[in-house]
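Understanding the architecture of this molecule
Chain by chain, the residues run as shown.
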Amino acid sequence: MASYIDVSIVVVSFNTRDLTDSCLKSIMQQRDLNLETFVVDNASHDGSAQFISTRHPWVHLIVNEKNRGFAAANNQVLPLCRGRYILFLNPDTVLTENCLNKAVEFMNSNSHVGLAGLHMVNPDGTHQESVSYRYPGQRYTSYELRGLPGKIAAVLGAAMIAPADIIKTVGGFDEDFFLYGEDQDLCLRIRKKGKEIGFIEGAKVIHLHGQSERNTPLKELWLKKLRAEYTFYSKHYSNTTVKKILRKEIIKTSFRLATLRAILPFRRSNKMIMEKIVKYQTTKEFLRNFKTNQKL
């Protein structure tokens, strides 16, 4: 029965065996709540699935034959979740003591909140920014985002909790987002249903930011982010707004590329400059292809 489970925790792993291990150990330390934990392994090739199965037999493990992406992997287990709340948790996180108790208390006391982010902190305990008050490209919009409830636009998807009925009502994550952007999209869709996005300051989560993608080549990583960003624009903004954003980004990218190439010969150590050139060259190619394919 769903009433026996307070929180269903969903962790998506991809070649993060050591990180997932630490994350799961921190879940085991949570007290006074009835929890269930799902790990969806997206075809890792570092032995993650076998390791989790052996080291953490209490986990409901689903092993995919291919990498389905973050959004689709989370959605896989939504029909299996029996908790009143669902916690989406990245493998590069560690829950602090009583973290989930504080999260559940907050959600129980704030029925107007449809989803809330937990408080991300760095390993040294310092605050890590994880709350956005504007959506990507929102300054270029006109009427698209009027009348939304609450002040928070989105919270970082590394650790966010929501009532299970709300997540299932909106259909979970949009699987057009392979990785990145799906958290902002979900928050916006929940706000469009009349619920606010919250932030739970007392529920602290240590977040090893960027470790889930530590082995991804720079160009591939940046392309993932660009695809997510423009998927978001195309879904939520008018064609006029998307054209405006695209035009501004093309001008900015061309200017920065020219500037970086001009200063490159005068830098003794140019590794950082070269990485920025790769980033902006990748962006330039993506924007050109996007404009052509979308006929903008």
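Note: the structure precedes this text.
What you see is a predicted model, and the numbers here were worked out from it, not measured in a lab.

So, unusual backbone geometry
At N15, a position not held by glycine, the phi torsion is positive, near 55°. As for its position among the elements, N15 is in the loop between β1 (7–13) and α1 (17–28). The exposure class of N15 is buried, given its relative accessible area of 13%. In this structure, Y180 takes a positive phi of about 80° despite not being glycine.

A closer look at the environment of A153
Assignment of secondary structure puts A153 in the loop between β7 (131–132) and β8 (154–155). Residues A153 and L188 lie 35 residues apart in sequence; the distance between their C-alpha atoms is 6.9 Å.

Regarding the packing of aromatic side chains
Taken as a whole and assessed by the stated rule, the structure comprises nine aromatic pairs. Put simply, the rings of Y135, Y230, F232, Y233, Y237, F286 and F290 touch in pairs and so form one group of aromatic residues. Over the ring of Y180 we find K225; its NZ or CZ atom is 5.4 Å from the centre of that ring.

What to know about the environment of L118
Inspection of the secondary structure puts L118 in strand β6 (residues 113–121). Expressed as a C-alpha distance, the spacing of L118 and H60, which sit 58 residues apart in the sequence, is 23 Å.

Overview of the pattern of salt bridges
All chains considered together, the criterion is met by nine salt bridges. Note that D185 and K235 form a salt bridge whose closest N and O atoms lie 2.9 Å from each other. Taken together, the residues D185 in helix α6 (residues 182–192) and K235 in helix α7 (residues 218–236) connect sequence positions 50 residues apart. Overall, the relative accessible area of 0% leaves D185 in the buried class. Owing to a relative accessible area of 36%, K235 belongs among the partly exposed residues under this scheme. K252 serves as the salt-bridge partner of E249, at 3.3 Å between the closest nitrogen and oxygen. You can see E249 and its partner K252 sitting in helix α8 (residues 239–263), three residues apart, about one turn around the helix. Here K252 falls in the partly exposed class, since its relative accessible area comes to 33%.

Side note on the nonpolar core
In this structure, L115, Y135 and I167 are the most contacted members of the largest nonpolar core, which totals 48 residues. L115 has contacts with V155, M160, I161, A162, I167, L186, C187, I190, E196, I197 and G198, leaving out every residue within four places of it along the chain.

Concerning α7
Taking 1.5 Å per residue as the helical rise, α7 with its 19 residues ought to reach 27 Å, and the 27 Å between its terminal C-alpha atoms agrees with that figure. Among all positions of α7, only L221, L223, K224, L226, A228, Y230, F232, Y233 and H236 are buried. Contacts made by the buried residues of α7 are with α6, α8 and α9 (271–294).

Side note on a positive patch on the surface
There is a patch of like positive charges on the surface, built from R134, R139, K243, R247, K248 and K291. Per element, the largest residue contribution to the positive patch is three residues, and it comes from α8. On the secondary structure map, K291 appears in helix α9.

Overview of the sheet that holds strand β4 (residues 85–89)
In spatial order, the strands read β3-β2-β1-β4-β9-β6-β10-β5; together these eight strands make up an open sheet with mixed pairing. Strands with a single pairing partner mark the edges of an open sheet, and in this sheet they are β3 (60–63) and β5 (93–95). Between one strand and the next, the sheet's axes are offset by a mean angle of 30°, whatever the strand orientation. Strands in contact with helix α2 (residues 48–55) are β1, β2 (35–41) and β3; relative to β3, the strand with the most contacts, it is inclined by about 165°. Across the sheet, α6 lies against β6, β9 (159–163) and β10 (196–207), angled at about 145° from β6, the strand it touches most.

Remarks on the packing of α7 against α9
Two elements in contact, α7 and α9, have axes whose closest approach is 10 Å; the angle formed by their N-to-C orientations is 40°. Comparing their axes, α9 and α7 come out oblique. Crossing of α7 over α9 shows right-handed handedness. Residues L218, K219, W222, L223, L226, R227, Y230 and S234 of α7 lie in contact with α9, whose contacting residues are E275, V278, K279, T282, T283, E285, F286, L287 and F290. Of the residues that constitute the contact of α7 with α9, the class distribution is nine nonpolar, three polar and five charged.

Parameters at a glance
Residues numbered from 1 in each chain as written. Predicted model: local features only at pLDDT ≥ 70, side-chain atom pairs only at ≥ 80, totals over all residues. Heavy atoms only, no water. Helix = DSSP H or I, 4+ residues; strand = E, 2+ residues; numbered from the N terminus. Buried < 20%, exposed > 50% of the residue type's maximum accessible area, 1.4 Å probe, protein only. Phe/Tyr/Trp six-rings, centres within 6.5 Å; stacked < 30°, edge-to-face > 60°. Lys NZ or Arg CZ within 6 Å of the ring centre and 35° of its normal. Salt bridge = Lys/Arg side-chain N within 4 Å of Asp/Glu carboxyl O. Core = buried A, V, L, I, M, F, W, Y, C linked by side-chain atoms within 4.5 Å. Contact = heavy atoms within 4.5 Å. Expected span 1.5 Å × (residues − 1). Patch = residues over 30% accessible without salt bridge, like charges linked within 9 Å, V, L, I, M, F, W, Y side chains within 5 Å. Areas by Shrake-Rupley, 256 points an atom, 1.4 Å probe, with all protein chains shown as cover. Lys, Arg positive; Asp, Glu negative; His and termini not counted. Charge placed at Lys NZ, Arg CZ, Asp CG, Glu CD. Pairing = 2+ DSSP bridges. Axes fitted to C-alpha atoms, helices over the stretch in contact; angles between N-to-C directions. Parallel < 35°, antiparallel > 145°, perpendicular 65-115°, else oblique. Left-handed = near helix turned anticlockwise from the far one by under 90°. Nonpolar A, V, L, I, M, F, W, Y, C, P; charged D, E, K, R; others polar.

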